[in-house]
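# Survey of secondary and tertiary structure
Listed below, chain by chain, are the residues.
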Amino acid sequence: MSCNLPVGVFDSGVGGLTVVKEIMHQLPNEEIVYFGDTARVPYGSKSKETVTAYSRQIVKFLQTKKVKAIVIACNTASAFALETIAKEIPVPIIGVVKPGAKTAAETTRSGRIGIIGTEGTIKSGLYNEFLHNTNESLQVFGKACPLFVPLVEEGWIHDPVTKEVASRYLAELHEKDVDTLVLGCTHYPLIRDIIHEVAGNGVTLVNPAYETARTLQELLLAQGLLADENAIPDHKFYVSDGAEKFREFANSILPCEMAETKDVNIITFD
Ligand code: DGL
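We now turn to the structure provided with this report. (Residues numbered from 1 in each chain as written. Predicted model: local features only at pLDDT ≥ 70, side-chain atom pairs only at ≥ 80, totals over all residues. Heavy atoms only, no water.)

A separate point is the packing of aromatic side chains. Throughout the structure, instances matching the rule amount to seven aromatic pairs. Between Tyr 43 and Tyr 54, the aromatic rings sit 5.6 Å apart at their centres with planes inclined by 50 degrees, giving tilted as the arrangement. Here Tyr 43 is found in the loop between strand 2 (32–36) and helix 2 (48–64), whereas its partner Tyr 54 is found in helix 2, with 11 residues between them in sequence. The same class applies to Tyr 43 as to Tyr 54, namely buried. Pairing Phe 148 with Tyr 169 gives two aromatic rings, centres 5.2 Å apart and planes at 90 degrees, and the pair type is edge-to-face. On the criterion of sequence distance, the pair formed by Phe 148 in helix 7 (residues 148–153) and Tyr 169 in helix 8 (residues 160–175) is long-range, its members being 21 residues apart. Like Phe 148, the residue Tyr 169 is buried in the burial classification. In this structure an aromatic cluster arises from ring pairing among Tyr 34, Phe 237 and Phe 246. (Phe/Tyr/Trp six-rings, centres within 6.5 Å; stacked < 30°, edge-to-face > 60°. Helix = DSSP H or I, 4+ residues; strand = E, 2+ residues; numbered from the N terminus. Buried < 20%, exposed > 50% of the residue type's maximum accessible area, 1.4 Å probe, protein only.)

This paragraph deals with the pattern of salt bridges. For the structure on display, the rule yields 14 salt bridges. Two residues, Arg 109 and Asp 179, come together in a salt bridge whose shortest N-O distance is 3.7 Å. Note that Arg 109 is positioned in the loop between helix 4 (97–107) and strand 5 (112–117) and Asp 179 in the loop between helix 8 and strand 7 (180–184), a separation of 70 residues in sequence. You can call Arg 109 exposed: its relative accessible area is 61%. Here Asp 179 falls in the buried class, since its relative accessible area comes to 8%. Of the charged contacts in the structure, one is a salt bridge between Arg 247 and Glu 244, with a shortest N-O distance of 3.2 Å. Here Arg 247 and its partner Glu 244 are both found in helix 11 (residues 243–253), three residues apart, which amounts to about one turn of the helix. Connected through salt bridges with shared partners, the residues Lys 102, Glu 106, Glu 211, Arg 214 and Glu 218 form a single ionic network. (Salt bridge = Lys/Arg side-chain N within 4 Å of Asp/Glu carboxyl O.)

Close to the ligand lie 14 residues; Ser 12, Tyr 43, Asn 75, Thr 76 and His 187 are nearest. The backbone of Gly 44 places a nitrogen or oxygen atom 2.8 Å from an oxygen atom of the ligand. Between the ligand and His 187 there is a distance of 2.7 Å, counted from a nitrogen atom to a side-chain nitrogen or oxygen. Across the complex, the protein chains shield 99% of the 300 Å² of accessible surface that the ligand would expose by itself. Taken together, the residues that form the shell around the ligand break down as six nonpolar, seven polar and one charged. (Near = heavy atom within 4 Å. Polar contact = N/O pair within 3.5 Å; in protein donor to acceptor, adjacent residues only side chain to side chain. Areas by Shrake-Rupley, 256 points an atom, 1.4 Å probe, with all protein chains shown as cover. Nonpolar A, V, L, I, M, F, W, Y, C, P; charged D, E, K, R; others polar.)

Moving on, we get to the environment of Thr 204. Here Thr 204 lies in strand 8 (residues 204–206). In this structure Thr 204 comes out as partly exposed when scored by relative accessible area, which is 28%. Sequence-wise, Thr 204 and Ile 113 are 91 residues apart; in three dimensions their C-alpha atoms are separated by 9.7 Å. If near-sequence neighbours (up to four positions away) are discounted, Thr 204 is found in contact with Thr 107, Arg 109, Asp 179, Thr 180 and Leu 181. (Contact = heavy atoms within 4.5 Å.)

For the rest of this paragraph, the subject is the pairing of strand 2. For strand 2, the tally of buried residues reaches five of five residues, placing the bulk of the element in the interior. The alternating pattern of strand 2 places Ile 32, Tyr 34 and Gly 36 on one face and Val 33 and Phe 35 on the opposite face, and all of these are buried. Note that strand 1 (residues 7–11) and strand 2 share five bridges and pair parallel. Opposite Phe 10, over in strand 2, you have Phe 35 as the bridge partner. With respect to chirality, the unit in which strand 1 leads through helix 1 (residues 17–26) into the neighbouring parallel strand 2 is right-handed. The pairing of strand 2 with strand 9 (residues 236–239) spans four bridges and is parallel. Residue Phe 35 lies in a different strand from strand 9, and its bridge partner there is Tyr 238. (Pairing = 2+ DSSP bridges. Right-handed = clockwise from strand over helix to strand, strands pointing away.)

This paragraph deals with unusual backbone geometry. For the peptide bond that leads from Val 41 to Pro 42, omega is 5 degrees, which places it in the cis range. Topologically, Pro 42 is positioned in the loop between strand 2 and helix 2. Phi at Lys 66 is positive, roughly 60 degrees, even though this residue is not glycine. By the secondary structure assignment, Lys 66 is in the loop between helix 2 and strand 3 (69–72). Residues other than glycine seldom take positive phi values, yet Asp 177 does so here, at roughly 60 degrees. Within the secondary structure, Asp 177 is located in the loop between helix 8 and strand 7.

The values reported here are purely geometric and, on their own, carry no functional implication.
Structure, rendered in structure tokens:
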């Protein structure tokens, strides 16, 4: 395996770009091949079987791009599909849940942690499992926030409607008096300002993207796969629908201008 091969990153839509942004920041020489499953978003309300089948197709597509490692930049797919798919492919693959749980455990002072995510991520209980493996006495409170993903996909990032929705969802966690709140869906960092405003200054927000990029770096280093220091990456972006809308959105949040986004018929990767 050559160190100048790309890293594959995928999500159900635009959310994984928050992880891409962090990888670009921490590992500027790594080339990224991104896939956003914009035709089938959201994953959060779908079953484990469906999300695993979708993830498997995407992984097959990424493997045709000769990726040297894969990052599942989606909490729902990390919670539902990572363990299964990791056993099926020779390429190293990581998710965002374990790094997010690690950061949360290191961040909390009171031991009371809130997790917000999709229905699937919260129901999977995987954050709780990783957190309790680190420290049994942590108190973890999960809250599914299903309306956040469509609001973000719609671009309502600074909208009063999004703030109202956030106030309703976070009221329950307010009562639990958490001091740390995990943004357990890769779409949520895009509405971080609103979540911060509603959660209040006493609550530290955890974005698993930072630790995920660090985990990727450790993995590539351990396997001798870090890109050359003078490598100039040529990132590629693919979606299953709406390439132009995706490109505009991506250009508004990524540090570099995206030349082109291509549509892929993902169901052919079965
Ligand atoms: N961004 C994804 C996550 O982190 C999925 C959102 C969705 O498709 O429901 O869970």
